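Given next are the chains, with one letter for each unit.
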Amino acid sequence: MIGLKFDKTKCVDCKGVFCLTRCQYLQLDRDTARKEWQKIVDGEDSFVLEACTTCYACEEYCPFHNHPFYLIVERQEQKGILPAPRPIITMWINQCQPVGRFTVGKVDERMLSYCFLPHFNTLVKGKLFDDTAGAVVFGQEFFCNAVYLHYAHTSVITERLPQIVANIGKLGVRELICLHDECYGTFTSLAPAYGIEVPFKPVHYFEYLYNRLKGLGKTVKKLDVKAAYQRNCSSRLAPETDKLVDDIFSLIGVERVKREYDKENALCCAEIIRMGKGPALADDIQKRNIDDMVKAGAEYCVFNCPACWDALADKVARKGIKPVHIIDLCKLAIGEAQSLKLPELAVEV
Amino acid sequence: MVTTNAIHESLVKIVGKSYVSASREEKYFYARDGGLMPPHEPDFVVLPRTTEEVQEIVRLANREKIPIVPAGAGLALTGLVIPQKGGIVVDMKRMDRVLEVNEKARYVIVEGGTTQGALKSYLQKHHPHLRHSIPDAPPSATVVANAVIHGQGRLAHQHGFNSDMVSGLEVVLPTGEVCRIGSCSVSSYWFSKGPPLPDLSGLFLGWFGTTGIITKLGLKLYPCKKLRDVMVLLTDKVELVPDILLRLSHTEMVEDTVISAQPLPLRFRGTFWIMTYITGDSDEELEFKRKMVWDAVWDYFQSRDVGFISTSPEGKAPLLSMPSKDTTRFADVAKGGGFQYAGPITPIEKFPAFIRKLEEVAAKYNVFYGSTTRLIGSGHCMMFSFSFSFNRANPDEMARAKRALDECSKFALEEGAVLWKPDVDEQKMIMEKMDPNTLELMRKIKRLLDPNGIMNPGNWEMR
Ligand SMILES: Cc1cc2nc3c(=O)[nH]c(=O)nc-3n(C[C@H](O)[C@H](O)[C@H](O)COP(=O)(O)OP(=O)(O)OC[C@H]3O[C@@H](n4cnc5c(N)ncnc54)[C@H](O)[C@@H]3O)c2cc1C
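Calculation criteria
- Residues numbered from 1 in each chain as written.
- Chains lettered and ligands numbered in written order.
- Predicted model: local features only at pLDDT ≥ 70, side-chain atom pairs only at ≥ 80, totals over all residues.
- Heavy atoms only, no water.
- Pairing = 2+ DSSP bridges.
- Helix = DSSP H or I, 4+ residues; strand = E, 2+ residues; numbered from the N terminus.
- Axes fitted to C-alpha atoms, helices over the stretch in contact; angles between N-to-C directions.
- 1 Å grid on protein atoms, 1.4 Å probe; cavity = no way out; pocket = protein on both sides within 12 Å on 5 of 7 lines; lining within 4 Å.
- Points joined across faces, edges and corners; volume = space filled by probe spheres on them.
- Nonpolar A, V, L, I, M, F, W, Y, C, P; charged D, E, K, R; others polar.
- Contact = heavy atoms within 4.5 Å.
- Buried area = accessible area lost by both parts, 1.4 Å probe.
- Salt bridge = Lys/Arg side-chain N within 4 Å of Asp/Glu carboxyl O.
- Polar contact = N/O pair within 3.5 Å; in protein donor to acceptor, adjacent residues only side chain to side chain.
- Buried < 20%, exposed > 50% of the residue type's maximum accessible area, 1.4 Å probe, protein only.
- Lys, Arg positive; Asp, Glu negative; His and termini not counted.
- Domains from an automatic or database assignment.
- Parallel < 35°, antiparallel > 145°, perpendicular 65-115°, else oblique.
- Left-handed = near helix turned anticlockwise from the far one by under 90°.
- Phe/Tyr/Trp six-rings, centres within 6.5 Å; stacked < 30°, edge-to-face > 60°.

Concerning the sheet that holds strand S6 (residues 225-230) of chain A
Residue and element names in this part refer to chain A. Pairing in this open sheet of four strands is parallel, and the strands run S7-S6-S8-S9 from one edge to the other. Each end of this open sheet is capped by a strand with a single partner; those strands are strand S7 (254-256) and strand S9 (322-325). Taken pair by pair, the neighbouring strands of this sheet meet at an average axis angle of 40°, ignoring direction. One ladder, built from four bridges, connects S6 with strand S8 (residues 300-303); its direction is parallel. Bridging across to S8, Ala-228 finds its partner in Cys-301.

Re the environment of B:Gln124
With respect to the helices, strands and loops of the structure, B:Gln124 is situated in helix H4 (residues 116-126). Note: C-alpha distance between B:Gln124 and B:Val241 (117 residues apart in sequence) is 34 Å.

With respect to the layout of surface pockets
All names here are of chain B. Approximately 430 Å³ is the volume attributed to the second largest pocket. If you go around the second largest pocket, you meet 22 residues; those closest to its centre are His-150, Leu-205, Gly-206, Val-418 and Trp-460. A per-class count over the lining of the second largest pocket returns 14 nonpolar, five polar and three charged.

Quick look at the interface of chain B and chain A
Opposite the 35 residues of chain B that make contact, chain A presents 30 residues. When the two sides are added together, the surface that chain B and chain A hide from each other amounts to roughly 2600 Å², 60% of it contributed by carbon and sulfur. A per-residue breakdown of the area chain B buries against chain A is headed by B:Leu266, B:Arg304 and B:Ser310, which together make up 24% of the total. At the surface where chain B touches chain A, the tally comes to three salt bridges. Across the pair B:Asp283 and A:Arg318 runs a salt bridge, and its minimum N-O distance is 3.3 Å. The interface formed by chain B and chain A includes nine residue pairs in polar contact (both at pLDDT 80 or more). Elements that contribute at least two residues to the side of chain B that touches chain A include exactly H4, strand S12 (227-235), helix H8 (283-296), helix H9 (298-302), strand S15 (306-309) and helix H10 (313-320) of chain B. Ranked by residue count, the leading element in the side of chain B that touches chain A is S15(B), at four residues. A class-by-class count of the residues in the side of chain B that touches chain A yields 13 nonpolar, eight polar and 14 charged.

A look at the side chain of A:Glu74
Residues and elements named next belong to chain A. Structurally, Glu-74 can be placed in helix H6 (residues 68-78). One buried charged residue, Glu-74, remains without a salt bridge, the closest side chain of opposite sign being Arg-75 at 5.4 Å. The contacts of Glu-74, once residues within four sequence positions are left out, are Leu-4, Thr-154 and Tyr-194.

Some remarks on the pattern of salt bridges
A pair can form between side chains of opposite charge whenever their charged atoms are brought close. All names here are of chain A. For the structure on display, the rule yields 60 salt bridges over all chains. For Arg-274, the salt bridge identified is with Asp-283, shortest N-O distance 2.9 Å. Of the residues examined, Arg-274 reaches a relative accessible area of 13% and is grouped as buried.

Observations concerning the side chain of A:His67
All names here are of chain A. Assignment of secondary structure puts His-67 in the loop between helix H5 (57-61) and H6. Taking the relative accessible area as the measure of exposure, His-67 reaches 13% and is therefore buried. Each residue touching His-67, except ones within four places of it in the same chain, is listed here: Leu-4, Lys-5, Phe-6, Glu-59, Ser-189 and Ala-193.

Quick notes on the domain arrangement of chain A
All names here are of chain A. On domain assignment, one finds that chain A holds domain 1 (8-78), domain 2 (86-204) and domain 3 (220-333). Distance from the C-alpha centre of domain 1 to the C-alpha centre of domain 3: 26 Å. Counting residues at the interface gives 15 residues for domain 1, matched by 16 residues for domain 3. Across the domain 1/domain 3 interface, buried area totals approximately 1200 Å², and carbon plus sulfur atoms make up 54% of it. Considering only the side of domain 1, the residues that lose the most area to domain 3 are Tyr-25, Tyr-56 and Glu-60, jointly responsible for 45% of the buried surface there. Between Arg-236 and Glu-60 there is a salt bridge whose closest N-O contact spans 3.0 Å. At the boundary of domain 1 with domain 3, the tally comes to eight residue pairs in polar contact (both at pLDDT 80 or more). Ranked by residues supplied to the side of domain 1 that touches domain 3, first place goes to H5 with four residues.

What about the sheet that holds strand S5 (residues 201-204) of chain A?
Residues and elements named next belong to chain A. If you trace the five strands from one edge of the open sheet to the other, you get S1-S3-S2-S4-S5, paired in mixed fashion. Sheet topology places strand S1 (102-104) and S5 at the edges, where each strand pairs with a single neighbour. Sheet twist, expressed as the average angle between the axes of neighbouring strands with direction ignored, equals 20°. Relative to strand S3 (residues 136-139), strand S2 (residues 110-113) is paired through two bridges, and the arrangement is parallel. Counted as the bridge partner of Leu-112 is Val-136 from S3. Across the face of the sheet, helix H10 (residues 181-193) comes into contact with S2, strand S4 (175-178) and S5 while running at roughly 145° to S5.

Re empty space enclosed by the protein
Residues and elements named next belong to chain A. On inspection of all chains with the given rule, the structure shows four cavities of 30 Å³ or more. By volume, the largest cavity is sized at about 130 Å³. In terms of lining, the largest cavity is formed by 16 residues, of which the most central are Cys-23, Cys-52, Cys-55, Cys-58 and Ile-72. Residue assignment for the lining of the largest cavity shows that the elements contributing at least two residues are helix H2 (18-21), H5 and H6. By residue number, the principal contributor to the lining of the largest cavity is H5, which donates three residues.

Concerning the domain arrangement of chain B
Residue and element names in this part refer to chain B. In terms of domains, chain B is made up of domain 1 (4-91), domain 2 (98-223) and domain 3 (227-414). For domain 1 and domain 3, the distance between their C-alpha centres works out to 36 Å. Counting residues at the interface gives seven residues for domain 1, matched by nine residues for domain 3. Of the roughly 630 Å² buried between domain 1 and domain 3 on both sides combined, carbon and sulfur atoms contribute 61%. Broken down residue by residue, the surface that domain 1 buries against domain 3 is led by Gly-34, Leu-36 and Leu-77, which jointly contribute 72%. Linking domain 1 with domain 3 are zero salt bridges. On the surface where domain 1 and domain 3 come into contact, there are three residue pairs in polar contact (both at pLDDT 80 or more).

What to know about the packing of helix H13 (residues 395-414) of chain B against helix H14 (residues 424-433) of chain B
Residues and elements named next belong to chain B. For the pair H13 and H14, the least separation of the axes is 11 Å and the interaxial angle reads 20°. Classed by the angle they form, the pair H13 and H14 counts as roughly parallel. Between H13 and H14 the crossing geometry is right-handed. Every residue of H14 that contacts H13 at Lys-402, Asp-406, Ser-409, Lys-410 and Leu-413 is listed here: Asp-425, Glu-426, Met-429, Ile-430 and Lys-433.

Focus: the packing of aromatic side chains
Counted under the stated rule, the structure contains 28 aromatic pairs over all chains. Centre to centre, the rings of A:Tyr114 and A:Phe138 are 6.5 Å apart; their planes meet at 70°, and the pair counts as edge-to-face. Here the residue A:Tyr114 occupies a position in the loop between S2 and helix H8 (119-123), and A:Phe138 occupies one in strand S3, the gap between them amounting to 24 residues. What makes A:Tyr114 buried here is its relative accessible area of 7%. Here B:Phe272 and B:Phe351 contribute two aromatic rings whose centre-to-centre distance is 5.8 Å and whose plane-to-plane angle is 80°, an arrangement assigned as edge-to-face. One end of the pair, B:Phe272, is in strand S14 (residues 272-280); the other, B:Phe351, is in helix H12 (residues 351-365), and 79 residues separate them in sequence. This pair shows no difference in class: B:Phe272 is buried, exactly as B:Phe351 is.

Right, dumping it as structure tokens:
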């Protein structure tokens, strides 16, 4: 039976109501938070449902792993609350519909998932991928669908995700190396939360990169640079992977600069927020985030999610910080070139 | 009547052997365009280099009463360069120079066959702070022909039809005289096609080469700002589109607005994409304009009826490229390279009705459809395209596409639109609906300018 496994008794025992009191956008005292959360649990109206920016962070803040964010999304959908304009949601639902257009490379027990992101065609190159290159799935048929959490459409996820999981399972894949962080979050958090069985082992690509770098031994050179790390919304679904960033950085001699908006207090790329709440909040988030990187003395801004890259790479570059995807950063450490770059900034007039 | 050979020889004398052809291949090629009108072969194809050569060709044709059809790239797609009655096709491609740019009066003078692509690169190289209104036709389309058919380009929202931007003409009349139109008839400056004189440019623009061959054209240029951006607005409520367009236009910040509606690729299905182009010399200027655009539709955003897509620099690149390659890509959706659109010029309030008609007709004739609408002027009107793509190797599909187009054109006329670059059938529909006194005036003008009816016969043929 597919449905959110939410245990309301866990919330009764919760002292901090961290899901709401730690929210970076709501500023609620504990009593108000408790009252509003109870309303959400009981399926009543709460202003929180309208105000939610869908940043995913409350998933990480809940000490009981009780999926507060998934519950918020469920309630938004039940009440017809639209976190983004309807045509944007329609566009997303249509765009990622599985219609039999996908790519399956060499079928193997261990495969890379590009999700539905063409960036990986550019990124996946060189020695790091020697033993997996070509064993790839890409396209709507393998798209994790977590994005609909931003659009209050859990129903699309529960409708499509079982088939996506089955598509991968049918290939006989044992280990799926998820290059899109959001896929990993989907298979390790979202799917189990909804009782969707995952018949393969999802592997986060950070783990894959770390092991590859280890395997490459002396070829790996220390880069000796300072970098700000740009956490993405879906990393909140699998916060345990954040430690792997530090592990990779220490292997390749990258200092993760200490800054206000990192780790649990990270700010997302804000483009989803722009689509839902408008430019003022999104611009403010991006400005605070980038100013913080500059203040911390970052030379590089290291991206995990290609969508964050799309949103921020150009903007950090304008502030003199070099944007780089973490895969490319690892490539730099083994003497290979960065592949994902900004397009020519001069716009054709 | 002189023999075909004698005419061939005369043409060779005028332009040289390499630039006249009556070969089967050439005739096959010049008999058709990329659209749906039936082909008809010319007897000769000739490529002049100078105004004098054009004059001599026209004199010869007038003397011998041979039909003559001026041709650009043949991309109007409605058969306007198909020699309906044979004769001589005058391909203007060799008259391809940019003759003068007046930076201070912001105009350029081009020859009769200069292409959009050539003008664009010339300006980028030599006058990067000036630009013209580039249409989304392939770059081989010619500047003159685009003005002749009242085309619209990337500055249509701010400055209207490309023909509104004409600032002077040199024309070879059907009887062979060369005539200057506008300020250049009195002065060495080409700053105005008419005012303060009687505006005679109307004797040639919109006439599809039936009143003369334009050998030079002055075109207004506009400031080219350093930065350019596109904001993509989406709505799923067709009835809101006219109001959104009016609001965008009210900001007076937008230089071009294009609305896409098509069922494929899937991301387009069920929504209308409004591409809104802004420019600025600084980030601050752009940011201010972005804010104006957001503010213009803020209540629709709050009611969740209108959204803005976040687009990466990579994602924006194809939208910002001029011409847009998307239309050309759509043109080959059905594979087999067939594409034609009826593009009525219509008040913007008609958008919802036209969309409904497009969907109805596409379903009825089972053809693949799309629509790209361009706002012209400050909401004064728009070009709404009923576009169909088809496989040229499939005659049945082509016939269905043609019937679909005819039905859309008829509908558009009934709804008060005027058909843009109409094919000969559509021209007849227009003339049937036209005020008889206007039609009579057109007939008199045509007879006066082209007494022997040699110029692009079949087109604007008033009984
Ligand atoms: C994919 C695609 C996209 C398009 N997008 C646009 C767009 O955004 N905006 C737009 O305006 N159009 C568009 N078009 C339509 C068309 O291609 C253009 O308007 C183009 O400028 C026509 O130029 P041409 O040289 O191909 O004209 P042709 O088809 O060669 O000629 C058009 C008419 O002009 C006459 N003519 C040509 N040269 C002369 C001359 N020297 N003197 C007198 N008469 C002459 C011809 O006899 C004919 O009647 C598009 C077409 C395609 C295929």
